[in-house]
Amino acid sequence: MEGGLWRSNIINQLQSRNRRETTAFQDIITFQSRLFDNVNTLKNENLQLTLLNERIRYTSTESVLANAGGASNERIQALEQKILAQQEELTSLHRRRGESAQQIINLNAKVHDQEKSLQAKDIIISENTALIASLRAEIQMYETNMVELQGLNQMLRDEHQALQIAFAAIEEKLRKAQDENRTLVERLIKYKAKDADKMNEENEHFLKKKSDKVRKELEEAAREGGSRSSGGSGGSSEEKIMESMPYYAATLPTKVALRFDAHEGEVNAVKWSPTDRIVATGGADRKVKLWDVSKIGTVESRGALVGSNAGVMSVDFDSTGAFIVGASNDFASRVWTVADQRLRVTLIIVDTVDRKYTVGGPAK
């Protein structure tokens, strides 16, 4: 259907161009036709005059032979004058014929030039037609690509909306989990406070009982010392009792031994390696960093463990010091190897209510 339309369109354009181009030469063509008719007419008249001239000559010759009188001379002169007039007319006709022939040659040259221009325009039209066909094919290809891109864009919009819905649901779960975590922390703080109060009471009771026991022992020792001889000394027995009692000494640090910036933000967790003098730190910048503190007064970075999607809240080594685990706020815990610092296992919480976990494989 579309192919027939462009063919008919090209035919209509060619016809309109033919009418437009021939209109400018219509007068020339008409004048050339008129000149050809005049030439033909002049040729016929010239032929008739030639025949008449021959006939006149023939009749004049016969009349000269037949009549040698004066009357025939006058007739001959009249005929000669007529012949001269006809010859002059024939000469003018020949001149007009030459002019007409020159005009015809000029018109033919113009027609030839116009035909060359028409051929050049035909070539240009054919090139433009081919260009139009290629451009239409390219437009069709672009339209097809545009339709495909529109479909892909719509699919991406749908996926974006679905991801927004999922993100909103995850944010809601996160908010609920944070509220639950806050509630649990408050309850834990209350329980810890109760346990601390209870332990303080037990310690006070234990210390009171122990002090009463020591006081009784001192009183008994003092009574026994008074009943002994004067060679014995009560002070020495008290010193023996004090030396026999166990005691513990505790000291608090008075200055900072080493200070360094571990993360770009808050530091949420610190853990010593059970085998080496390595410290692991977890921060709000979603990284777990390893630090070598074997040299006194200096710290050296041993690398950063990446892969977490949220701030790392807790870190811990295994008993051999070969693996390290980090828990982050993206409901996931990740296990790295300390030697090559590669992520090995990812544990993801998929249900914060039932505390169900999903174990992911090693990172690629």
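Residues numbered from 1 in each chain as written. Predicted model: local features only at pLDDT ≥ 70, side-chain atom pairs only at ≥ 80, totals over all residues. Heavy atoms only, no water.

Chemist: I'm lost on the overall build of the protein chain in this one. Help?
Modeler: If you tally the helices and strands in the protein chain, you get four helices and nine strands. Every one of the 364 residues in the protein chain was classed for burial, and the buried ones make up 18%. Of the accessible surface of the protein chain, which amounts to about 27900 Å², a share of 56% is contributed by carbon and sulfur atoms. (Helix = DSSP H or I, 4+ residues; strand = E, 2+ residues; numbered from the N terminus. Buried < 20%, exposed > 50% of the residue type's maximum accessible area, 1.4 Å probe, protein only. Areas by Shrake-Rupley, 256 points an atom, 1.4 Å probe, with all protein chains shown as cover.)

Chemist: Explain the pairing of strand S2 (residues 278-283) here, please?
Modeler: In regular strands, side chains alternate between the two faces of the sheet. Among the six residues of S2, six are classified as buried, and the element is accordingly described as predominantly covered. Of the two faces of S2, both are covered, the one formed by Ile-278, Ala-280 and Gly-282 as well as the one formed by Val-279, Thr-281 and Gly-283. Where strand S1 (residues 267-272) meets S2, five bridges bridge the pair, whose relative direction is antiparallel. Bridge pairing links Val-270 to Thr-281 in S2. In this structure, the hairpin formed by S1 and S2 is closed by a connection of five residues. Here five bridges tie S2 to strand S3 (residues 288-292), and the two strands are oriented antiparallel to one another. Its bridge partner lying in S3, Val-279 is registered against Trp-291. Counted between consecutive antiparallel strands, the loop separating S2 from S3 contains four residues, among which Arg-286 sits at a positive phi close to 65°. (Pairing = 2+ DSSP bridges.)

Chemist: What should I look at first to understand a nonpolar patch on the surface in this one?
Modeler: Together, Leu-149, Leu-152, Met-155 and Leu-156 make up a nonpolar patch on the protein surface, roughly 370 Å² of accessible area in all. The class for Leu-152 is partly exposed, based on a relative accessible area of 41%. (Patch = residues over 30% accessible without salt bridge, like charges linked within 9 Å, V, L, I, M, F, W, Y side chains within 5 Å. Salt bridge = Lys/Arg side-chain N within 4 Å of Asp/Glu carboxyl O.)

Chemist: Whenever I open this one, the side chain of Asn-46 confuses me. Can you help?
Modeler: Tracing the backbone shows Asn-46 in helix H2 (residues 26-66). Overall, Asn-46 belongs to the buried group, its relative accessible area being 16%. Side-chain polar atoms of Asn-46 contact the side chain of His-94, separated by 3.5 Å. Not counting residues within four places of it along the chain, the set of residues in contact with Asn-46 comprises Leu-90 and His-94. (Polar contact = N/O pair within 3.5 Å; in protein donor to acceptor, adjacent residues only side chain to side chain. Contact = heavy atoms within 4.5 Å.)

Chemist: Hey, could you run me through the nonpolar core in this one?
Modeler: When a protein is soluble and globular, its nonpolar side chains tend to lie buried together. In terms of nonpolar packing, the biggest core is built from 13 residues, with Ala-280, Val-288, Leu-290, Val-315, Phe-317, Ile-324 and Trp-336 touching the most fellow members. Listing elements by their share of this core, those giving two or more residues are S2, S3 and strand S5 (312-317). Counting residues per element, this core draws most heavily on S5, which supplies three residues. In this view, Trp-336 contacts Val-288, Leu-305, Val-306, Ala-322, Phe-323, Ile-324, Gly-326, Gln-341, Arg-342, Leu-343 and Arg-344; residues no more than four positions away in its chain are not counted. (Core = buried A, V, L, I, M, F, W, Y, C linked by side-chain atoms within 4.5 Å.)

Chemist: Where do I start with a negative patch on the surface in this structure?
Modeler: On the surface, Asp-195, Asp-197, Glu-201, Glu-202 and Glu-204 cluster together into a patch of negative charge. Here Asp-195 is to be found in helix H3 (residues 70-227). With relative accessibility at 42%, the residue Asp-195 sits in the partly exposed group. (Lys, Arg positive; Asp, Glu negative; His and termini not counted. Charge placed at Lys NZ, Arg CZ, Asp CG, Glu CD.)

Chemist: For this particular structure, what's the right way to read the sheet that holds strand S4 (residues 300-305)?
Modeler: Pairing between the strands of a sheet comes from backbone hydrogen bonds, and it takes one of two forms, parallel or antiparallel. The strand order across the open sheet built from four strands is S1-S2-S3-S4, with neighbouring strands paired in antiparallel fashion. The outermost strands of the open sheet, each flanked by one partner alone, are S1 and S4. Within this sheet the neighbouring strands show an average axis-to-axis angle of 20°, counted without direction. Bridge count between S3 and S4: five bridges; the pairing is antiparallel. Residue pairing for S4: Lys-289 is matched across the bridge by Ala-304. (Axes fitted to C-alpha atoms, helices over the stretch in contact; angles between N-to-C directions.)

Chemist: Help me out: how do you make sense of the pattern of salt bridges in this one?
Modeler: A pair can form between side chains of opposite charge whenever their charged atoms are brought close. According to the stated counting rule, one finds eight salt bridges in the structure shown. Close ionic contact of Glu-172 with Arg-175 constitutes a salt bridge, the shortest N to O distance being 2.3 Å. Taken as a pair, Glu-172 and Arg-175 lie in helix H3 at a separation of three residues, close to a single helical turn. In this structure Glu-172 comes out as partly exposed when scored by relative accessible area, which is 33%.

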